[in-house]
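# Descriptive analysis of the structure
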Amino acid sequence: MFKPILVFLAFIVLVGPTTCRKQHVINFRWHNLYPESFIWDPKSEHFVVGSLRQKTLISVSDAGVTSSLLSDASLPFNSSFLGLALDRRHHRLLAVVHRPSTQTTLAFNALASYHLSTFHQLFLTPLPPTTLPSTTVANDVAVDFSGNAYVTDSANDVIYKINIEGQASILSKSKAFKSHPVDSTAPYQNCGLNGVVYNSKGYLLVTQSNTGKLFKVDADDGTARSVILNRDLKAADGIAVRSDGVVVVVSQYKLYFIKSDDSWSEGVVFDETALEDERQASAVVVVASANDRVYVLYGHVNEGIMGNSEREEFSIVEVESEKESKEENVWIFVLIGLGLAYFLFWRFQMSQLMQNMNKKTA
């Protein structure tokens with residue numbers, strides 16, 4: 001008799017908490033870290049975070065506990081770690097190394113490979129010299145299943161390919177990258193190709209900061225075309241992909257949620273969530289083991305680039321699609337309504353049964 005009541009109460013207990021889960025905020029401290037990029041290591045269950053000011057990689061737990069992973073003294077003076085990628089299949093951590101040119105030092109741009117357990121350096125590959133008009137600015141990196149790495153050059157709109165042995169070549173300097181107008185008044189006007197992610201179908205998705213465009217690039221021959229979107233991705237920076245295929249792109253101002261039904265010939269920005277632009281988000285990560293939660297990194301990178309400031313605290317913050325959250329809540333209430341209707345129907349049936357039994361015994 002009481003089974004339907006217990007079922008209904010259990011349903012409310014299990015479903016109710018999903019409508020009020022708090023945003024996960026991780027505040028962590030590391031003097032003058034100014035991180036530009038981060039990744040999630042599912043095996044160790046911590047974030048790996050780079051630095052604009054130091055030749056250091058640190059781990060950050062989901063509770064904000066930090067520890068040093070490596071400090072590479074072999075890197076040139078004043079170098080920093082920008083883009084990061086985890087090559088779990090080959091047990092490696094890949095890191096873009098960049099040093100800007102100054103009056104006394106030459107620019108340095110390379111890809112470093114580290115063993116994931118010992119953090120011993122496997123190779124350090126400088127990006128090959130070119131006749132490009134601007135000094136290379138290596139930015140982000142992605143890796144495919146064969147261990148090939150793909151590094152973006154934000155100054156020249158070029159993509160480099162570095163194989164698993166550390167041999168580097170230019171994959172693409174497609175004219176498509178120069179086919180869209182650049183806002184010459186924007187503070188990010190000189191930042192071209194930026195975030196990059198590899199798709200298992202054999203292509204890259206690459207953001208371009210100064211045009212707000214997204215490009216699909218063949219990982220074998222480097223041919224590229226812009227993805228047709230319903231809006232530009234203003235100041236687009238880091239990029240990541242959820243397990244359902246939704247692409248998330250972070251900028252200083254917003255986190256964009258994008259989907260495609262045709263392998264990224266076209267795409268739709270179906271939602272965008274405002275970010276705290278004064279904290280300068282620069283990277284985004286999807287944690288698949290936590291139901292595809294999306295996190296952005298607030299690293300105060302513009303402040304870090306200026307080099308005349310000090311800061312102790314930085315943040316990793318969960319960000320949700322407001323549209324998807326509302327849709328989920330609607331379905332939850334629909335299910336609760338159905339459960340309540342079932343409970344009321346059961347009570348009505350029991351009432352009718354009791355009335356019939358009373359009539360028979362009268």
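Look up a bit, the structure's there.
All values derive from a computational prediction rather than experimental measurement.

### Some words on the overall build of the protein chain
- Along the protein chain, the regular secondary structure elements total three helices and 24 strands.
- For the protein chain, with 362 residues in total, the buried portion stands at 49%.
- Counted over contacts in the protein chain with a minimum sequence separation of 6, partners at least 24 positions apart contribute 50%.
- Entry remark: accessible area of the protein chain is about 18200 Å², with carbon and sulfur atoms responsible for 55%.

### With respect to the sheet that holds strand β3 (residues 46-49)
- If you trace the four strands from one edge of the open sheet to the other, you get β2-β3-β4-β5, paired in antiparallel fashion. Both outer strands of the open sheet, β2 (38-41) and β5 (66-71), are each paired with one neighbouring strand and no more. Taken over all neighbouring pairs, the strand axes of this sheet differ in orientation by 25° on average, direction set aside.
- In this sheet, β3 lies alongside β2 in antiparallel orientation, the contact comprising four bridges. Counterpart to D41 in the pairing with β3 is H46.

### As for the pairing of β3
- Here β2 folds back onto β3, and the loop between the two strands holds four residues, one of which, E45, carries a positive phi near 55°.
- In this structure, β3 lies alongside strand β4 (residues 56-60), joined through three bridges in antiparallel fashion. Its bridge partner lying in β4, F47 is registered against V60.
- Taking the residues that link successive antiparallel strands as the turn, the β3-β4 hairpin has six residues.

### Quick look at the pattern of salt bridges
- According to the stated counting rule, one finds twelve salt bridges in the structure shown.
- Residue E276 is joined to R279 by a salt bridge in which the shortest nitrogen-to-oxygen separation is 3.1 Å.
- Overall, E276 belongs to the partly exposed group, its relative accessible area being 35%.
- When its relative accessible area of 18% is taken as the criterion, R279 is described as buried.
- Among the charged side chains, a network of salt bridges with common partners joins R231, K254 and E272.

### Side note on the side chain of T207
- Following the sequence through the fold, T207 ends up in strand β15 (residues 203-208).
- A relative accessible area of 0% places T207 in the buried class.
- Engagement of the side chain of T207 in a polar contact is seen with the backbone oxygen of D237, the distance being 2.8 Å.
- T207 has contacts with G192, L193, N194, G195, K213, L214, A236, D237, I239 and V249, leaving out every residue within four places of it along the chain.

### Describing the pairing of strand β24 (residues 313-318)
- Burial runs high along β24: five of the six residues are buried.
- Pairing of strand β1 (residues 25-29) with β24, which is carried by five bridges, proceeds in the antiparallel orientation. Directly across from N27, in β24, lies its bridge partner S315.
- Relative to β24, strand β23 (residues 293-298) runs antiparallel, the two being bridged by four bridges. Across the sheet, residue L297 finds its bridge partner in β24, namely I316.

### Looking at the nonpolar core
- Membership of the largest hydrophobic core comes to 35 residues, with the highest contact counts inside it found for F28, F38, F47, V49, L111, V151 and I316.
- Among the nonpolar cores identified, the runner-up in size contains 17 residues, and L69, L70, F81 and F108 belong to it.

### So, the sheet that holds β24
- Across the sheet, which stays open at both edges, the four strands sit in the order β1-β24-β23-β22 with antiparallel pairing between neighbours. Strands with a single pairing partner mark the edges of an open sheet, and in this sheet they are β1 and β22 (281-287). Sheet twist, expressed as the average angle between the axes of neighbouring strands with direction ignored, equals 20°.
- With six bridges joining them, β22 and β23 adopt antiparallel strand pairing. From the neighbouring strand, A283 faces β23, where its bridge partner is L297.

### Here's the deal with unusual backbone geometry
- Positive phi values are uncommon outside glycine, yet E45 reaches one of about 55°.
- Locating E45 in the fold gives a position in the loop between β2 and β3.
- Since its relative accessible area comes to 55%, E45 is described here as exposed.
- Phi is positive for H91, close to 55°, though the residue is something other than glycine.
- Tracing the sequence through the fold places H91 in the loop between β6 (80-87) and β7 (92-99).

### What to know about the environment of I58
- Its location among the elements puts I58 in strand β4.
- With near-sequence residues (within four places) excluded, I58 lies in contact with F28, W30, L33, F47, V48, V49, T66, S67, S68 and L69.

### Re the packing of aromatic side chains
- Summed over all chains, the structure comprises ten aromatic pairs.
- For the ring pair Y34 and F314, a centre distance of 5.4 Å and an interplane angle of 70° mean the geometry is edge-to-face. Placement of Y34 in the loop between β1 and β2 and of F314 in strand β24 is noted, with a sequence separation of 280 residues between them. Across this residue pair, the class does not change: Y34 and F314 are buried.

Calculation rules
- Residues numbered from 1 in each chain as written.
- Predicted model: local features only at pLDDT ≥ 70, side-chain atom pairs only at ≥ 80, totals over all residues.
- Heavy atoms only, no water.
- Helix = DSSP H or I, 4+ residues; strand = E, 2+ residues; numbered from the N terminus.
- Buried < 20%, exposed > 50% of the residue type's maximum accessible area, 1.4 Å probe, protein only.
- Contact = heavy atoms within 4.5 Å.
- Areas by Shrake-Rupley, 256 points an atom, 1.4 Å probe, with all protein chains shown as cover.
- Pairing = 2+ DSSP bridges.
- Axes fitted to C-alpha atoms, helices over the stretch in contact; angles between N-to-C directions.
- Salt bridge = Lys/Arg side-chain N within 4 Å of Asp/Glu carboxyl O.
- Polar contact = N/O pair within 3.5 Å; in protein donor to acceptor, adjacent residues only side chain to side chain.
- Core = buried A, V, L, I, M, F, W, Y, C linked by side-chain atoms within 4.5 Å.
- Phe/Tyr/Trp six-rings, centres within 6.5 Å; stacked < 30°, edge-to-face > 60°.

What is shown is where atoms sit, not what they do.
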